[in-house]
Amino acid sequence: MSRTLDRRQLLRGAAVAGGGLAFSAYIPAWAQPVSGGIVKPLPTLSGTDIALTINSFTLPVDGKPTPAIGVNGTVPAPLLRLKEGQKVRLAVSNALDVESSIHWHGLLVPFPMDGVPGISFPGIKAKSSFLYEFPIIQSGTYWYHSHSGAQEQEGLYGPIVIDPAGPDPVAYDREHVIVLADHSPLRGETIFRKLKQEAGYFNYQRQTLAGLLAGRDQTLKERLEWGKMRMDPTDLSDVTGSTYTYIINGFGPIDNWTALFTPGERVRLRFINAAAQTNFNVRIPGLPMTVVQADGQNVQPVTTDEFQIAVAETYDVIVTPEDRAYTLVGEAIDRSGLARATLAPRAGMSAPVPPLRPRPITTMKDMGMGDMGGMDMKNPTATRGADPTAEQNRSAGLAQATGWTGAAAAMTAPASGGSGMAAMPDMAAQGGAASPGMAMGSGMAGMDHSQMPGMDHSQVAGMSGHGSGDMGGMDMSMRNPKNAPGVKMGPGVQTISPMPTDRTGERPQGLETVDHRVLTYRDLMALTPNPDVRAPSRSLDIHLTGNMERYMWSFDGVKLSDPADPIPFRNGERVRVNLINDTMMPHPIHLHGHFFELVTGHGDHAPRKHTVNVAPGGKVTFDVTADAPGDWAFHCHNLFHMTAGMMRVVTVRPLEGEAA
Amino acid sequence: MTRARSALAASALLAFAAPAVAQDHSMHNMPGMTMPAPAAKNKPAAKPAAKPKDGARTAEPKAAPAKAAPAKDAPASMEGMDHGAMQGMDHSAMPGMDHSAMPGMTTPAQGQQGAQPMPGMQMPADEHSGHDMPGMSMEGVAQTGTALPPGNAPAPPIPTDHAADRVFGPQEMMDARHHLAQHGGQTFYQVLLNVAEYQIHSGRDGYRWDGEAWYGGDINRLWLKSEGEGEFRRGLDSAEVQALYSHAIDPYFNLQGGVRQDFGRGPKRTYATVGIEGLAPGFFEVEGALFLSNKGDVLGRVEGYYDQRITQRLILQPRAEFNLSAQDVPETDTGSGLVDVEVGLRLRYDVAREFAPYVGVSYLRKTGDTARFARAAGEDVHATSFVIGVRTWF
């Protein structure tokens, strides 16, 4: 069997293999600091009848045994390789002693097949089974995971790849699926309990007196101001590398999962963030990535050097590696650890691993204070450095162990950025993906796009030129109900963003100052026109609310358990939804059963997504056509935010057979 | 097809020609803002101070090639639009230009047609309309999809049925809906001994504890608190246990009420108690309580501590406790006013968050009438102790 996911071979395999075939769960435990790499393709299942068994077992990660829940004995669960237009029957047996479920993330399925206990179906009781059956009406990269308890944290997630019925507009010679995740020796419910007991439990990168004396992070004045607000600017991920090992396809950074390629090939990497809590900064030092798909939907190709993938998102990129090894880095956004894999032309090769960059801290803008001309929005860590006592996990040692020699080795020189760039025409400015030194097209002579990362400048300019009058009357206090009339104020609402801003054109948190291209949401444009280009008939504000001290999370100040009313939609109506983040954490918001179009200035080529990350203090607007009658889950995909109550039922009525 | 192409090109042109005011304001990123077209038309010269000159220069030649034919197809309302407005155009925020010819993708033609006439820059028409803000109403500009403003239709009623009932039966789904109450409705607990220590002072060594335990949900919890101290071979000096109902009243504070029972050498008083506990600005853990004894005496207590992280694991905790009394309570040698003050400084090391050994110093000073009573009884009015202990929780 080929050690890589050769697409043709897989398709051939799919034709003959049918379903139910599980590969060996055995995963060797590599403990050497510099592993030669583990070339182990994901077990794959195809066909119209697929059998999945949910079970628990021990998963060795970087040589340490950890408890895990997976499917057919593997973490991640087997890759489901399907084809648009086929029908599939998935017989899921639950061998656990507790109830379970599987949700097909991003797949458009009838609501009873969506797999959310209590909303779409009763769940799969212990030692029983459920038959999912639905037609495959889409193509792209997706995934599946448990929607019960914290099973997703413990490994119950797997990739889905659906080949298009017709020709794939994305040309590639080879592909690899990259499932990023965060794995802990602790059970999911233990992690959640610790957070409830002490919200800062996992954060070992806080500001300290040692940091203050060393002149790092915030100044004393800023610390006092933030202390007065009872806000911890170092809380980026809640759960960190202090317990997590960040894994790729089930392997730790020391295991070093390796993907093979033949030099010069176009390699398609299908990234899936299956983590419970962790957003990752993904990069392959020395290898530009051309993003061709987001959340399973094709986008117009955009080349970048780094992108942030929020929990539950997927991105497909094309790379054209040369005859050398590359390190694939998935750095946790709080920089407490990294996931690492290797792309290499031959087994046993590896490349130096870059060190973990210092963690950022949140700024006033992350509090929804908007772009304020007079206020310094710079991230103090970027200028003053991070706390010297900040702790990172074992993966931080890889840089030294692998002989990283500094940034020069990883610099993606735009002028000679590999063959991936060669075919690019002269005009290559990409909005947020700033590309210093990139030649501008003749028609654009004199326009300097390269100096404009994201929308920052223009926003500031606009604000100072126009907004002062408005701002004069604006209450900038951090918890004024008038700034969010729809929010039920209570102990669960710590702050209300006084001036949330659309941050989709900005580089993601912590990547503001890196010296290479970074993907922003505004860089994404659908490849083909959107299927529904009607104007929304109405709009709807949903506030993302929380209290980091009590570890309470909600929409509009109401937890699902309170109980919360469903969010109602009419079948067929198009609605504009404004997600307003009143907290200082990013929230990847996922709507089941639908794709929505991000309102990021691309008209009828808006990128279509199933999950969108709302930056701290920011807002994201999307248009959605409610075309799937039924009840659907809508929630923050940070597992413990959802579990804490940041979830709603979305209803689309009338149901089939009902009068309108 | 030609017509479609023209329309696309026209909209591209229009987008270029869109009023500077509108383009410029689009940078504010304020969905929901309404800007009627007349306002835009009337103020074509309202150039923003911050507009880049380069952008204006570039705009004109680019617009020109696309102009000729498609202009006829432009919507009527375009007439009268001042192309001079282009002067103020700000290209700075144009994202995603020219994705068409990148490797690895076979781009379908239709999305790109509008862009063809523009030399050196391939830009689908909608990119320009993309400058318009979500929710901004601009008549006279061809827009589609997400560029369109939303209407104000009412939301539908909230349904009372459950879709899955029809498939799996109401009973089974009702049982399953307990899952929804799990999302935010779970109960938790914590048992915390903030102080559990051996006290070394002149004379007899002693021991001391101060801890709490809680059980419940986010808002309502049962709390138990206990503190006490004693000397070895002399036994328990003073001790108390409180059982409280705790209700979260804001993001940081809990209102607590219940009973307190005293133990130790003195009278075994019982108190009704009401207090407040929480996190004060500056990350100070504070609590204050009033106690009404079964003898009618009123006592009060204020205490607080602060965790100063020196490193991630080395933490200095200053702590203070003030006891007050509304009256003399001779049975407990308590005088009215401030009864005593205890301050402490404990340096701990978080081996784990749940297990942190510490060393420190504690100073107790009886004050006012209480001190007078103590002196009269031949007792010390102040005591300094070196302490060694463990802060622990589970």
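Residues numbered from 1 in each chain as written. Chains lettered and ligands numbered in written order. Predicted model: local features only at pLDDT ≥ 70, side-chain atom pairs only at ≥ 80, totals over all residues. Heavy atoms only, no water.

## Section: the overall build of chain B
Looking only at helices and strands, chain B has 9 helices and 13 strands in total. Counting across all 394 residues of chain B, residues that qualify as buried make up 49%. Considering only intrachain contacts with a sequence separation of at least 6, the fraction spanning at least 24 residues in chain B is 51%. Surface summary for chain B: the accessible area is close to 17300 Å², and the carbon and sulfur share equals 61%. (Helix = DSSP H or I, 4+ residues; strand = E, 2+ residues; numbered from the N terminus. Buried < 20%, exposed > 50% of the residue type's maximum accessible area, 1.4 Å probe, protein only. Contact = heavy atoms within 4.5 Å. Areas by Shrake-Rupley, 256 points an atom, 1.4 Å probe, with all protein chains shown as cover.)

## Observations concerning the pattern of salt bridges
Residues and elements named next belong to chain B. With the rule as written, the count across this model stands at 63 salt bridges over all chains. The closest approach of N and O atoms between aspartate 307 and arginine 348, which form a salt bridge, is 3.1 Å. Of this pair, aspartate 307 sits in the loop between strand S8 (298–306) and strand S9 (308–309) while arginine 348 is found in strand S11 (residues 337–349), placing the two residues 41 residues apart along the sequence. The structure contains a network of salt bridges with shared partners spanning Arg208, Asp210, Glu227, Glu240, Arg260, Asp262, Arg301, Glu303, Arg319, Glu321 and Glu342. (Salt bridge = Lys/Arg side-chain N within 4 Å of Asp/Glu carboxyl O.)

## Examining the sheet that holds strand S1 (residues 44–46) of chain A
Residue and element names in this part refer to chain A. Overall, mixed pairing links the 5 strands, which are arranged S1-S4-S9-S8-S6 in an open sheet. Only two strands of the sheet have a single neighbouring strand rather than two, namely S1 and strand S6 (103–105). Pairwise comparison of adjacent strand axes, ignoring direction, gives a mean angle of 25 degrees for this sheet. Two elements, S6 and strand S8 (residues 140–145), share 3 bridges in a ladder whose sense is antiparallel. (Pairing = 2+ DSSP bridges. Axes fitted to C-alpha atoms, helices over the stretch in contact; angles between N-to-C directions.)

## Structural notes on helix H9 (residues 368–376) of chain B
All names here are of chain B. If you check which residues of H9 are buried, you get Thr370, Ala371 and Ala374. Taken around the axis of H9, the buried residues stretch over an arc of 100 degrees, which confines them to a single face. Opposite the packed face of H9, turned more than 90 degrees from it, sit the exposed residues Gly368, Arg375 and Ala376. Phi for glycine 378, located one or two positions after H9, is positive at around 80 degrees. (Arc of directions from axis to C-beta.)

## Notes on helix H4 (residues 220–229) of chain A
All names here are of chain A. All of the buried residues along H4 are Arg223, Trp226 and Gly227. For H4, the arc enclosing every buried residue in end-on projection is 105 degrees, short of the 170-degree limit, so these residues lie on one face. In H4, the exposed residues that point more than 90 degrees away from the buried face are Lys221, Leu224 and Lys228. Considering only its buried residues, H4 is in contact with helix H3 (209–213). Positive phi appears at arginine 230, one or two residues downstream of H4, with a value of about 55 degrees.

## Let's talk about the packing of aromatic side chains
Tallied over the entire structure, the rule returns 25 aromatic pairs over all chains. Arranged with centres 5.9 Å apart and planes meeting at 50 degrees, the rings of phenylalanine 121 of chain A and tyrosine 132 of chain A form a pair that is tilted. You can see phenylalanine 121 of chain A sitting in the loop between S6 and strand S7 (129–135) and its partner tyrosine 132 of chain A sitting in strand S7, a full 11 residues away along the chain. Given a relative accessible area of 0%, phenylalanine 121 of chain A falls into the buried group. Here the aromatic cluster, defined as three or more aromatic residues joined through ring pairs, consists of Trp104, Phe121, Phe130, Tyr132, Phe134 and Tyr144 of chain A together with Phe168 of chain B. Its end group placed over the ring of tryptophan 214 of chain B, arginine 221 of chain B keeps NZ or CZ at 3.6 Å from the ring centre. Taking the ring centre of tyrosine 271 of chain B as reference, the NZ or CZ of arginine 260 of chain B above it sits at 4.2 Å. (Phe/Tyr/Trp six-rings, centres within 6.5 Å; stacked < 30°, edge-to-face > 60°. Lys NZ or Arg CZ within 6 Å of the ring centre and 35° of its normal.)

## What to know about the nonpolar core
All names here are of chain A. Leu52, Trp104 and Tyr132 are the most contacted members of the largest nonpolar core, which has 135 residues in total. Contact partners of leucine 52, with chain neighbours within four places excluded, come to Leu45, Val71, Asn72, Leu80, Leu90, Ala91, Val92, Ser93, Ile102, Trp104 and Tyr144. Ranked by size, the runner-up nonpolar core spans 18 residues in total, among them Val61, Leu79, Ile272 and Val311. (Core = buried A, V, L, I, M, F, W, Y, C linked by side-chain atoms within 4.5 Å.)

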